Amino acid sequence: MSSLRKLLESKGYHRIKLKYTETNHFELVAKINNIEGNFILDTGASSTCVGFETVKHFNLFAEDSKVRAAGAGATNMLTQIASKNRVKIEGWESKKLDIVLFDLTHVNEALVNHKAKKVHGIIGADILKKGKAVIDYKFKALYLK
């Protein structure tokens with residue numbers, strides 16, 4: 001066991017295994033409103049996001065938003081917001097997280113073009129900040145407190 005792991009677990013952090021994808025992203029499984037999905041970990045994404053097509057899958061109540069999304073080669077995309085959702089990632093949980101919805105087609109097309117699996121969404125900096133995240137790149141692990 002690495003010393004980083006011992007230190008973080010002794011301080012109450014939860015260890016989440018990450019999978020390295022063909023596109024050089026880390027992928028993980030998370031639950032939104034107790035429903036499982038596949039996500040990319042993106043330290044550059046300000047918010048946790050899911051695709052419009054996942055509204056029913058995750059039992060989300062989405063409302064239109066004035067905020068426009070940008071990233072991964074797309075700009076000025078329409079968004080919606082789903083407020084006060086429960087997000088669980090292994091032993092870590094947040095009970096009142098707002099989730100941004102937007103068109104993830106371009107993200108999933110890029111993944112498929114590189115022989116990677118489609119994802120339901122992106123885990124962003126909002127969760128990373130809230131969970132005081134530490135990413136262990138060597139041992140492919142995310143720690144959240």
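Comments concerning the sheet that holds strand S1 (residues 14-17)
Consideration 1: Sheet architecture is open: three strands sit in the order S1-S11-S10, paired in antiparallel fashion. What marks the edges here is a single partner per strand, and that holds for S1 and strand S10 (134-136). Here the average twist between neighbouring strands, direction ignored, is 25 degrees.
Consideration 2: One ladder, built from four bridges, connects S1 with strand S11 (residues 141-144); its direction is antiparallel.

Focus on the pattern of salt bridges
Consideration 1: Per the stated rule, a full pass over the model turns up two salt bridges.
Consideration 2: Ionic pairing is found between Arg5 and Glu9, a salt bridge with its closest N-O pair at 3.3 Å. With Arg5 and Glu9 both in helix H1 (residues 3-10) and four residues apart, the pair spans about one turn of that helix.
Consideration 3: On the basis of relative accessible area, Arg5 is assigned to the partly exposed category, the value being 27%.

Considering the environment of Phe61
Consideration 1: Looking at the element boundaries, Phe61 is found in the loop between strand S5 (49-51) and strand S6 (62-71).
Consideration 2: Given a relative accessible area of 62%, Phe61 falls into the exposed group.
Consideration 3: C-alpha separation for the pair Phe61 and Val134, spaced 73 residues apart in sequence, amounts to 31 Å.
Consideration 4: Beyond its immediate sequence surroundings of up to four residues, Phe61 is in contact with Ile81, Ala82 and Ser83.

As for the packing of aromatic side chains
Consideration 1: Tallied over the entire structure, the rule returns three aromatic pairs.
Consideration 2: Residues Phe26 and Tyr137 carry aromatic rings whose centres are separated by 5.6 Å and whose planes lie at 40 degrees to one another, so their mutual orientation is tilted. Of this pair, Phe26 sits in strand S3 (residues 26-32) while Tyr137 sits in the loop between S10 and S11, placing them 111 residues apart in sequence.
Consideration 3: On the basis of relative accessibility, which here comes to 8%, the residue Phe26 falls in the buried class.
Consideration 4: A connected cluster of aromatic rings, assembled from ring pairs, spans Tyr20, Phe26 and Tyr137.

Overview of the nonpolar core
Note that soluble globular proteins tend to have their nonpolar side chains buried in a common cluster.
Consideration 1: Within the largest apolar cluster, 23 residues are counted, with the highest numbers of intra-cluster contacts made by Ile32, Leu41, Val50, Ile89, Ile123 and Ile127.
Consideration 2: Those elements giving two or more residues to this core turn out to be S3, strand S4 (35-41), strand S7 (74-89), strand S8 (92-102), helix H3 (125-130) and S11.
Consideration 3: Look past the residues within four positions of Leu41 in its chain and what remains in contact with it is Leu18, Phe26, Leu28, Ile123, Leu128, Ile135 and Leu142.
Consideration 4: Membership of the second largest hydrophobic core comes to 11 residues, among which are Val100, Leu104, Ala116 and Val119.

Focus: unusual backbone geometry
Consideration 1: For Lys84, which is not glycine, the phi torsion reads 55 degrees and is therefore positive.
Consideration 2: Inspection of the secondary structure puts Lys84 in strand S7.
Consideration 3: Of note, Lys132 is a non-glycine position whose phi angle comes to about 50 degrees, a positive value.
Consideration 4: If you trace the backbone, Lys132 turns up in the loop between H3 and S10.
Consideration 5: The exposure class of Lys132 is exposed, given its relative accessible area of 53%.

Rules and cut-offs
Residues numbered from 1 in each chain as written. Predicted model: local features only at pLDDT ≥ 70, side-chain atom pairs only at ≥ 80, totals over all residues. Heavy atoms only, no water. Pairing = 2+ DSSP bridges. Helix = DSSP H or I, 4+ residues; strand = E, 2+ residues; numbered from the N terminus. Axes fitted to C-alpha atoms, helices over the stretch in contact; angles between N-to-C directions. Salt bridge = Lys/Arg side-chain N within 4 Å of Asp/Glu carboxyl O. Buried < 20%, exposed > 50% of the residue type's maximum accessible area, 1.4 Å probe, protein only. Contact = heavy atoms within 4.5 Å. Phe/Tyr/Trp six-rings, centres within 6.5 Å; stacked < 30°, edge-to-face > 60°. Core = buried A, V, L, I, M, F, W, Y, C linked by side-chain atoms within 4.5 Å.

The quantities given are spatial measurements derived from coordinates; they are silent on function.
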